[in-house]
Amino acid sequence: MQSKTVFQQKYKIKGGDFVNAGESSCKIRNILKEIGIDADIVRRLAIVAYEAEMNVVLYAKHGIMYLFIYPDKILLKIEDKGQGIKNINLAMRPGYSTATEEIREMGFGAGMGLPNIKKNADVFKITSKVGKGTALEIIINLNGKNG
Amino acid sequence: MTLNKIKKFLNAQILCKHRDHNCDIKYAKASDLMSDVLAFSQPFSKPEALLITGLTNKHVIRTCEIAGVCAVVFVRGKNPSTETIKLAKDCKIAILTTKLKMFEACGILYSNGIKSSSIKKGK
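Rules behind the numbers
Residues numbered from 1 in each chain as written. Chains lettered and ligands numbered in written order. Predicted model: local features only at pLDDT ≥ 70, side-chain atom pairs only at ≥ 80, totals over all residues. Heavy atoms only, no water. Helix = DSSP H or I, 4+ residues; strand = E, 2+ residues; numbered from the N terminus. Buried < 20%, exposed > 50% of the residue type's maximum accessible area, 1.4 Å probe, protein only. Polar contact = N/O pair within 3.5 Å; in protein donor to acceptor, adjacent residues only side chain to side chain. Contact = heavy atoms within 4.5 Å. Salt bridge = Lys/Arg side-chain N within 4 Å of Asp/Glu carboxyl O. Arc of directions from axis to C-beta.

## As for the side chain of Thr134 of chain A
All names here are of chain A.
Okay, so step 1: Within the element layout of this structure, Thr134 appears in strand β5 (residues 133-141).
Okay, so step 2: On the basis of relative accessibility, which here comes to 10%, the residue Thr134 falls in the buried class.
Okay, so step 3: A distance of 2.9 Å separates a polar atom in the side chain of Thr134 from a polar atom in the side chain of Ser128.
Okay, so step 4: The contacts of Thr134, once residues within four sequence positions are left out, are Ile78, Glu79, Asp80, Gly84, Ile85, Ile126, Thr127 and Ser128.

Laid out in C-alpha cells, this is it:
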C-alpha cells in the first residue's frame, strides 16, 4: 500500500534555459535540508535532481519535475517533451554522450548524467520515446534516516 | 587547511569569502567536467571539500552547491564573470583564483596535506 504523502511540489523546467538551470534542484535540496532529512540522503537526492534537471535543459524542449516526500521514501519524477533517447542501454553507459560541443564547453555532456542518477537512486526507472520525450522515476529510501 | 593558507600556497586571490572564515578544508577534487564532480562526490562526499577547476561559468557554483563543496579555486589565471561571483556570494561558496595550472595547484595542495575527496571513509 502506498504510504501517505507528507509533501509534494512540482517544478517547471525550460529546455535551453541555462540562466536558471539548477535552480529547482537547489530549491529541492533546501526543502530537504530544512525538514531535517539526513545529509547524505539530501546530497544523493540533490545530485539526482540536478543531473535530471540539466538533462531537460540540455536536451529537451521543456519538462516537469515532481517531488513527493513520504514518511519512508522520496520519489522524484521527471517528465520531458523533446527528442527522447534512441538507445537507453547506450545512454546508461558511463562516458556515452550525444552532447554538442557547446554543451561540453559548459562542463556537461560527459556521459555521466544517467549513470550518476542510477548510482544514487534506490529505485530507478526510465522510459523514452524518440521524438516524444523521456520520463524518469527515482526513489530514495529514507531508511529511518529522516531526521 | 584554512582558505588563507590555500591562498598563500597557490599565490591566489580570494574573490569571495566563505561563510565560515576559518573553514577547515581537508579534501579536494579537480575537474572541468561537472558530472565528474558529482559522480566522484558519492557516496563518500566530504562537506569540507574544495573544487579545483578551469571552468568559470555559474554552473560550477551550482554544482558545488549540489555536491556540498564549500570553496572553488579557478586555475590558469581565469577570472569568473560577475554573474558567477554573485551566485557564489548568494550560495556562500568561496572563490579563489590562481595563475597556476591545474596540475601544479593539485600538486601543491596534495603535498601540503589536502587529500582526495573520493577516498573511502575510514581510510
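Having seen the structure, we can now continue with the description.
## Regarding the interface of chain B and chain A
A common way to report how large an interface is uses the accessible area buried once the components associate.
Okay, so step 1: Chain B puts 22 residues into the contact, and the matching count from chain A is 26 residues.
Okay, so step 2: Of the charged contacts, one joins Arg62 of chain B and Glu23 of chain A as a salt bridge, the two residues approaching to 3.5 Å between their closest N and O atoms.
Okay, so step 3: Between the two partners, chain B and chain A, sit ten residue pairs in polar contact (both at pLDDT 80 or more).
Okay, so step 4: Of all the secondary structure elements, the ones that give two or more residues to the side of chain B that touches chain A are α2 (34-39) and α3 (58-67) of chain B.

## Structural notes on helix α5 (residues 102-111) of chain B
All names here are of chain B.
Okay, so step 1: All buried positions along α5 are accounted for by Met102, Ala105 and Leu109. Seen along its axis, α5 keeps its buried residues to an arc of 65°; they face one direction. In α5, the exposed positions that point more than 90 degrees away from the buried face belong to Phe103, Tyr110 and Ser111.
Okay, so step 2: Elements that come into contact with the buried residues of α5 comprise α1 (3-9), β2 (27-30) and β3 (49-53).

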